[in-house]
Amino acid sequence: MLEALTGTGLAASAGLNAYIPLLTMGLLSRFTGLIDLPSGWQWLSNGWVIAILIALLAVEFVADKVPVVDHVNDLVQTVVRPTAGGLVFSAGSSSETVTVTDPGTFFSSNQWVPIVTGVAIAFGVHAVKSAARPVINAGTAGIGAPVASTVEDVTSVVMSLVAIVLPVLVLLFLVGFALLLPWTLRRRRERKREREAARAAGYRV
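Residues numbered from 1 in each chain as written. Predicted model: local features only at pLDDT ≥ 70, side-chain atom pairs only at ≥ 80, totals over all residues. Heavy atoms only, no water.

Trainee: Let's hear about the overall build of the protein: which residues, and what values?
Mentor: Within the protein, the secondary structure is distributed over seven helices and two strands. Taken from N to C terminus, the helices and strands of the protein fall in the order α-α-β-α-α-β-α-α-α. Pairs at least 24 residues apart make up 75% of the contacts formed inside the protein by residues separated by at least 6 positions. Put simply, the protein shows about 10,300 Å² of open surface, and 73% of that area lies on carbon and sulfur atoms. (Helix = DSSP H or I, 4+ residues; strand = E, 2+ residues; numbered from the N terminus. Contact = heavy atoms within 4.5 Å. Areas by Shrake-Rupley, 256 points an atom, 1.4 Å probe, with all protein chains shown as cover.)

Trainee: Describe the side chain of S160, and please don't skip the residues or the numbers.
Mentor: Within the fold, S160 resides in helix α6 (residues 144-165). Of note is the side chain of S160, whose polar atom sits 2.8 Å from the side chain of S13. Discounting chain neighbours no more than four positions away, the residues touching S160 are L10, S13, I20, P21 and T24. (Polar contact = N/O pair within 3.5 Å; in protein donor to acceptor, adjacent residues only side chain to side chain.)

Trainee: Tell me what's going on with the packing of aromatic side chains, and back it up with residues and numbers.
Mentor: A complete count under the given rule lists one aromatic pair for this structure. An angle of 40 degrees between the planes, with centres 6.0 Å apart, marks the rings of W41 and W43 as tilted. (Phe/Tyr/Trp six-rings, centres within 6.5 Å; stacked < 30°, edge-to-face > 60°.)

Trainee: Tell me about unusual backbone geometry, residues and numbers included.
Mentor: Negative phi characterises most residues that are not glycine, and trans characterises most peptide bonds. The backbone of V68 sits at a positive phi, close to 75 degrees, despite the residue not being glycine. What makes V68 exposed here is its relative accessible area of 63%. (Buried < 20%, exposed > 50% of the residue type's maximum accessible area, 1.4 Å probe, protein only.)

Trainee: If you had to explain the packing of helix α2 (residues 19-31) against α6 to someone new, which residues and values would you point to?
Mentor: Contact pair α2 / α6: the axes reach a minimum separation of 9 Å and the direction vectors enclose 45 degrees. Relative to α6, α2 is oriented oblique. Crossing angle aside, the handedness with which α2 passes α6 is right-handed. Here I20, P21, T24, M25 and L28 of α2 come into contact with α6, specifically with D153, S156, V157, S160, L161 and I164. Looking at the contact of α2 with α6 residue by residue, the class counts come to seven nonpolar, three polar and one charged. (Axes fitted to C-alpha atoms, helices over the stretch in contact; angles between N-to-C directions. Parallel < 35°, antiparallel > 145°, perpendicular 65-115°, else oblique. Left-handed = near helix turned anticlockwise from the far one by under 90°. Nonpolar A, V, L, I, M, F, W, Y, C, P; charged D, E, K, R; others polar.)

Trainee: Tell me what's going on with the side chain of T24, and back it up with residues and numbers.
Mentor: Inspection of the secondary structure puts T24 in helix α2. Apart from residues no more than four positions distant in its own chain, T24 is found in contact with S160, L161 and I164.

Trainee: Break down α2 for me, citing the residues and quoting the values.
Mentor: Taking 1.5 Å of rise per residue, the 13 residues of α2 would be expected to cover 18 Å, and the 18 Å separating its terminal C-alpha atoms lies within 8% of that figure. By the criterion of burial, α2 is predominantly enclosed, with ten of the 13 residues buried. If you follow the buried residues of α2, they end up packed against α1 (2-16), β1 (35-36), α3 (47-63), α4 (69-93) and α6. (Expected span 1.5 Å × (residues − 1).)

Trainee: Give a detailed account of the pattern of salt bridges, specifying residues and quantitative values.
Mentor: This model, assessed by the stated rule, comprises eight salt bridges. Notably, a salt bridge pairs R133 with D70, separated by 3.0 Å at the nearest N-O pair. In this pair, R133 is assigned in helix α5 (residues 112-140) and D70 in helix α4, connecting sequence segments 63 residues apart. When its relative accessible area of 2% is taken as the criterion, R133 is described as buried. The residue K129 makes a salt bridge to E152 at a minimum N-O spacing of 2.4 Å. One end of the pair, K129, is in helix α5; the other, E152, is in helix α6, and 23 residues separate them in sequence. (Salt bridge = Lys/Arg side-chain N within 4 Å of Asp/Glu carboxyl O.)

Trainee: A description of the layout of surface pockets should follow, citing residues and the corresponding values.
Mentor: Approximately 350 Å³ is the volume found for the largest pocket. In terms of lining residues, the largest pocket is bounded by 16 residues, among which L16, K129, V151, E152 and L180 are the most central. Counting residues per element, the ones that place at least two in the lining of the largest pocket are α5, α6 and α7 (170-204). Counting residues per element, the lining of the largest pocket draws most heavily on α5, at six residues. When grouped by side-chain class, the residues that make up the lining of the largest pocket number eleven nonpolar, two polar and three charged. (1 Å grid on protein atoms, 1.4 Å probe; cavity = no way out; pocket = protein on both sides within 12 Å on 5 of 7 lines; lining within 4 Å. Points joined across faces, edges and corners; volume = space filled by probe spheres on them.)

Trainee: Hey, could you go over the environment of T117 for me, with residue numbers and the actual values?
Mentor: Along the chain, T117 turns up in helix α5. For T117, a relative accessible area of 26% puts it in the partly exposed group. Separated by 32 residues in sequence, T117 and G85 have C-alpha atoms that sit 8.4 Å apart.

Right under this line is the structure:
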């Protein structure tokens with residue numbers, strides 16, 4: 001159960017920002033004893049990998065806070081975030097952490113299952129994020145973009161740490177996500193109706 005929550009939390013974090021959970025795992029494995037990556041994932045703690053992730057995170061950090069650019073970035077990240085989600089779910093759920101001491105039997109017979117699970121979770125979170133951002137930008141004339149992005153980055157950092165140190169709290173995030181989803185879908189429908197009404201009014205003029 002804890003292994004699944006650890007993987008879920010990391011994959012959800014990747015849905016918000018692909019590089020934060022990867023970097024968190026690499027740094028914690030390299031410099032602390034909070035997580036012991038399995039042999040197949042030791043490359044995450046390599047110095048060069050960490051440096052590359054920091055550079056990619058810097059680009060993502062800036063791009064995601066600029067209106068219009070954030071939409072283009074979300075389109076690109078449609079591939080990157082789910083891929084990262086599959087990686088961190090598989091790596092995190094099979095790692096020994098401060099709360100998981102025997103992850104060896106988790107998904108042991110079907111190695112592809114955690115990767116597919118992580119991809120699905122990260123894609124779901126990414127889809128909600130991508131759907132919510134245009135609503136926020138339109139409602140705030142673009143001013144809300146950097147605020148929303150910062151909140152997402154902070155949530156991704158906290159979620160990554162919680163997933164490793166106290167994975168039970170991941171359940172709180174899942175509840176919040178379930179509450180946010182209906183609101184996002186409703187606002188998207190309202191914006192679509194507003195655009196259609198505006199076009200219809202333009203045709204009548």
